[in-house]
Amino acid sequence: MPAPIRLRELIRTIRTARTQAEEREMIQKECAAIRSSFREEDNTYRCRNVAKLLYMHMLGYPAHFGQLECLKLIASQKFTDKRIGYLGAMLLLDERQDVHLLMTNCIKNDLNHSTQYVQGLALCTLGCMGSSEMCRDLAGEVEKLLKTSNSYLRKKAALCAVHVIRKVPELMEMFLPATKNLLSEKNHGVLHTSVVLLTEMCERSPDMLAHFRKLVPQLVRILKNLIMSGYSPEHDVSGISDPFLQVRILRLLRILGKSDDDSSEAMNDILAQVATNTETSKNVGNAILYETVLTIMDIKSESGLRVLAINILGRFLLNNDKNIRYVALTSLLKTVQTDHNAVQRHRSTIVDCLKDLDVSIKRRAMELSFALVNGNNIRGMMKELLYFLDSCDPEFKADCASGVFLAAEKYAPSKRWHIDTIMRVLTTAGSYVRDDSVPNLIQLITNSVEMHAYTVQRLYKALLDDISQQPLVQVASWCIGEYGDLLVSGQCEEEEPIQVTEDEVLDVLEGLLVSNLSAAVTRGYSLTAIMKLSTRFSGVNRIKKVVSIYGSSIDVELQQRAVEYNALFKKYDHMRPALLERMPIMEKSASNGPTEIVQTNGETEPSVVDSKHPPPVSQPANQANDLLDLLGGNDVVPVIQTTVPTKPASAGGELLDLLGDLSLSGVPTPAPSVATSQPSFLLDGLSSQPLFNDIAAAAIPPMTAYNKNGLKIDFTFERANPNPNVAVITIHASNSTEADMTDFVFQAAVPKTFQLQLLSPSSNVVPALNQGTVTQVIRVLNPQKQQLRMRIKLTYTLKGSPVQDLAEVNNFPPQSWQ
Amino acid sequence: MMRFLLLFSRQGKLRLQKWFTPLTDREKKKVIRDVMALVLARPPRSCNFLHWRDIKVVYKRYASLYFCTGLEDQDNELLTLEVLHRYVELLDKYFGNVCELDIIFNFEKAYYILDEFLMGGEVLETSKVAVSVSMENADTLQETMEEYMNRPAF
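Under an unreviewed UniProt entry, chain B has the name AP complex subunit sigma and belongs to Gasterosteus aculeatus aculeatus. Comment text from UniProt for chain B, heading Subunit (unreviewed entry), reads "Adaptor protein complex 1 (AP-1) is a heterotetramer composed of two large adaptins (gamma-type subunit AP1G1 and beta-type subunit AP1B1), a medium adaptin (mu-type subunit AP1M1 or AP1M2) and a small adaptin (sigma-type subunit AP1S1 or AP1S2 or AP1S3)."

Per an unreviewed UniProt entry, chain A goes by the name AP-1 complex subunit gamma and belongs to Gasterosteus aculeatus aculeatus. A UniProt comment under Sequence similarities (unreviewed entry) is attached to chain A, and it reads "Belongs to the adaptor complexes large subunit family."

In structure tokens, the structure reads:
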């Protein structure tokens, strides 16, 4: 068998390949040769073959068949073999490979080898990629080498110990004795790696941290020597002595001084010295200054020192070197929370960085600018940020837009400014805004009552210019639907009112419906807006025509809406004005993130919506369970009583979700949090409309559910328009006995296919002799249209003695559930 | 600590890869692909730092080679530029006016020098002289054994 070709030959040959295919062919040929050579167990050329294999591995070709060969090389006595073998192990044998552990014994032997370079190889391999098991097995050897006087081995052992601790933190304790006099070494390599080891230990264990605090004076002394000592050719970098060591010591001091007054006190002087004396003309000096600043900001330094640190960062911001500007912005971002005022002083420089050409710097500057916005500088800052939004790359637009919205929400000096700002964002970066910005903006507009005319005018004008930005179009159509009457009447005070006719407005909205640029959601908005205008504009026929056309639209959502609006025109025309009237003011109960919108009007109290947990329930809960036990069936569902006007319990929540699909009020369905709360408004609104109640109630006859012992309970029905699956039952309890019935509690249970919600009763006392009634509202959801059945339980106290009764109600009129 | 150190050419050819955390081959390939794409796309006079996943990537171009490393949150980026520069200086001292071809044909030596300078993602030796001396001695050890065995080095 001829000698395998040399490594350099192979590399030369492969580099002559002109195509990928040619290269692949050469490599396959060579791999085959190497494989047969391995099979022949050729000791002489093994290292040559493995070296070639490593080269091919670097090109991206598989080399796993060489793993065992690496092990054989490591076990060899020749230094050349070991060197290549360990290199191969580090490249091919990471801890996920099965054969990884086979190295352990070899490494153990080599750690005790007579030649320090062999020991060094073993330490290096262990320290770069030793697995946890290997580290456990060999930690003792490493610890021994940590105490040797040979500085070449000691520094390697220190970093190897760092790796062991990272892999197996429990072994940290065993290295503690060896660290005793690490810092008294003169050798910089050992010093540096010792500081790294100490840093690792202090970061992982508060006990170690406390233990090593006593080293602060020693560290300070070493640092001082480095700074004050003269030129040392061995460690000099551009006039600074061993910057690597200086930075590591500063980092360790940072950890030791954090939240400890005494240690921080002890380092104040040296930090001030480093901060003022370091040469800043080269990158090295700035690297040390950077670390110093980070340390000053983290420990309990005196205020003068902190000011010095921030000023250094300010100087960095003006530096020509981009890297230093970047680093300054990053550090300022970290400190802006704690030292806000100091950072504010550099605001103008930071804002200038927004115009930098470098992408990384722009991003940091943007984040920092948003952190610096406050009530005082909002106008100026927003101008700069909006200008940035106009001109920045698309990758920034989404974040910038969100940031602008948040800042505007927190610090808007006036409503008009707020609306103007949001409009500016929507027109310049409309396609990049987050989904929930549309409902947020709508809510904001609704609340700024005096700005309605101005807002709708501006939005209309924006629509005339450009209908491609969906969020803008959605908000605009919603507004035109709501405030179209203000638009045509030309009532705007804030700016010159424009003359626009009803037909022109309808042209625009119909244009949105047919345009290819409009998303499905947008089309839904515009159809609803057109519908709303039927009560605000005089020309209804055109709207009726549009609505009926879309009754046969392919888009199911549009079709459903159109059909229902059509029904409004035909069968429920009397209800149309009430349904389509102006939206009331919505109050936000939480800002940022999903908005919980709660409707407030005179009657109901505002409450925080918590859709995850049912509202606090008092004793009815266990009584409901009793009910279930008594009824003993699997086919009944207990009812949780709720108090008005809190959000209904989960049963009711699902109830309302069904209603949420239909947004007669024009609120968009995609925003889930809005959808769940809007319907409650819808339902509340509807049930408080006397017109609606009378008409619907007449459709279903009332019935007597229970009549015993002087207690009579009547049911009256309403249908919750437009969802025919929900029946709203009002019970009227009357008492014909001579004494009042006190502590009156009414409970109900329905079969499993139904869902039931009980609202609060009007009172707990049913007055005697039919002088008054207690009413309570029940809502029943009956999606499967099954026959309505109910079991009721009544408890009350009559003349001092408690009375309890159960009854079944089966005589529901068919109209109540069909 | 450094998570990895990569050397690659402007054409996207990898010349050296050193990993300080255990990753599968697939993961390594992905990191190489992503980081290379990010770095090679940078315009000439940009800042040497960028953010990728949870890692700070520091890179510097020397002639036709990019030296690129991934840092953790606490690491000092400016100092890492010095670390990369020191490595280039060590290569330069060893090979005498180092160029990309030297690293291609003597990649194992490049790794050996790296292993005398860094270990486990941290700087091992801060003195240029000490690293050069170790390399010389180790090479002597190698040649001595080769001479003894009367065989050519690979």
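Still to come is the rest of the account.
Side note on the interface of chain B and chain A
With 65 residues of chain B in contact, the opposing surface of chain A contributes 70 residues. Taking both partners together, chain B and chain A bury about 6,400 Å²; carbon and sulfur atoms supply 58% of that area. Applying the counting criterion to the chain B and chain A interface returns six salt bridges. Here Glu122 of chain B ties to Arg248 of chain A by a salt bridge, and the two come within 2.6 Å at their closest N and O atoms. If you look at where chain B meets chain A, you find 26 residue pairs in polar contact (both at pLDDT 80 or more). If you list the elements that add at least two residues to the side of chain B that touches chain A, you get strand E2 (14-19), helix H1 (25-40), strand E3 (49-52), helix H2 (77-95), helix H3 (100-105), helix H4 (107-117), strand E7 (122-123) and helix H5 (128-149) of chain B. At twelve residues, H5 of chain B tops the list of elements feeding residues into the side of chain B that touches chain A.

A word on the environment of Ile419 of chain A
Residues and elements named next belong to chain A. Tracing the sequence through the fold places Ile419 in helix H23 (residues 415-429). The class of Ile419 is buried, set by a relative accessible area of 2%. Residues Ile419 and Ile445, spaced 26 residues apart in sequence, show a C-alpha to C-alpha distance of 7.5 Å. Beyond its immediate stretch of four places on either side in the chain, Ile419 contacts Ser448, Met451 and Thr455.

Considering the packing of aromatic side chains
All names here are of chain A. The final tally for this structure, using the stated rule, is 14 aromatic pairs over all chains. Members of the aromatic cluster, joined through ring pairs, are Phe715, Phe717 and Phe812. The lysine or arginine in question, Arg35, covers the ring of Phe65, its NZ or CZ lying 4.3 Å from the ring centre.

Notes on the packing of helix H26 (residues 470-489) of chain A against helix H28 (residues 520-536) of chain A
Residue and element names in this part refer to chain A. Taken N-terminus to C-terminus, the directions of H26 and H28 make an angle of 10°; their axes are 7 Å apart at the nearest point. One finds that H26 runs roughly parallel with respect to H28. Between H26, through Gln470, Val473, Gln474, Ser477, Trp478, Ile480, Gly481, Glu482, Gly484 and Asp485, and H28, the contact on the second element is made entirely by Val521, Thr522, Tyr525, Ser526, Ala529, Lys532, Leu533 and Arg536.

Some points on helix H4 (residues 67-75) of chain A
When we look at burial in H4 of chain A, the residues that qualify are Gln67, Glu69, Cys70, Leu71, Leu73 and Ile74 of chain A. The elements touched by buried residues of H4 of chain A are helix H2 (20-39), helix H3 (46-58), helix H5 (79-92) and helix H6 (103-111) of chain A.

Concerning the sheet that holds strand E5 (residues 65-71) of chain B
Residue and element names in this part refer to chain B. Pairing is antiparallel across the open sheet formed by five strands, whose spatial order is E2-E1-E5-E4-E3. The open sheet has two edge strands, E2 and E3, and neither has a second partner. Geometrically, the sheet is characterised by an average inter-axis angle of 20° between neighbouring strands, direction not taken into account. Pairing of strand E1 (residues 2-9) with E5 involves seven bridges; the strand directions are antiparallel. In the strand pairing of E5, Phe8 is matched with Tyr66.

Quick word on unusual backbone geometry
It is generally the case that most residues other than glycine have a negative phi and that most peptide bonds are trans. Phi is positive for Leu769 of chain A, which is not a glycine, with a value near 55°. Notably, Asn97 of chain B is not glycine yet its phi reads approximately 50°, a positive angle. If you trace the backbone, Asn97 of chain B turns up in the loop between H2 and H3.

Thoughts on the confidence of the model for chain B
Confidence in the prediction for chain B averages 91 pLDDT; 92% of positions are at 70 or higher. Scoring of the predicted complex yields 0.69 for pTM and 0.94 for ipTM.

Points about the pairing of strand E12 (residues 790-798) of chain A
Residue and element names in this part refer to chain A. Burial of E12 is extensive: eight of the nine residues sit out of reach of the surface. In this sheet, E12 lies alongside strand E9 (residues 741-751) in antiparallel orientation, the contact comprising seven bridges. The residue of E12 that forms the bridge with Met741 is Leu798. Remark: two residues form the turn of the hairpin made by E12 and strand E13 (residues 801-809), two consecutive strands paired antiparallel; Lys799 in that turn has positive phi of roughly 50°.

Description of a negative patch on the surface
Residues and elements named next belong to chain A. Taken together, the side chains of Asp261, Asp262, Glu265, Asp269 and Glu302 define an acidic patch exposed on the protein surface. Relative to the elements of secondary structure, Asp262 occurs in helix H14 (residues 261-277). Judged by its relative accessible area of 62%, Asp262 falls in the exposed class.

Cut-offs applied
Residues numbered from 1 in each chain as written. Chains lettered and ligands numbered in written order. Predicted model: local features only at pLDDT ≥ 70, side-chain atom pairs only at ≥ 80, totals over all residues. Heavy atoms only, no water. UniProt positions renumbered as here; feature names shortened; annotations may be inferred. Contact = heavy atoms within 4.5 Å. Buried area = accessible area lost by both parts, 1.4 Å probe. Salt bridge = Lys/Arg side-chain N within 4 Å of Asp/Glu carboxyl O. Polar contact = N/O pair within 3.5 Å; in protein donor to acceptor, adjacent residues only side chain to side chain. Helix = DSSP H or I, 4+ residues; strand = E, 2+ residues; numbered from the N terminus. Buried < 20%, exposed > 50% of the residue type's maximum accessible area, 1.4 Å probe, protein only. Phe/Tyr/Trp six-rings, centres within 6.5 Å; stacked < 30°, edge-to-face > 60°. Lys NZ or Arg CZ within 6 Å of the ring centre and 35° of its normal. Axes fitted to C-alpha atoms, helices over the stretch in contact; angles between N-to-C directions. Parallel < 35°, antiparallel > 145°, perpendicular 65-115°, else oblique. Pairing = 2+ DSSP bridges. pLDDT = per-residue confidence, 0-100. Patch = residues over 30% accessible without salt bridge, like charges linked within 9 Å, V, L, I, M, F, W, Y side chains within 5 Å. Areas by Shrake-Rupley, 256 points an atom, 1.4 Å probe, with all protein chains shown as cover. Lys, Arg positive; Asp, Glu negative; His and termini not counted. Charge placed at Lys NZ, Arg CZ, Asp CG, Glu CD.

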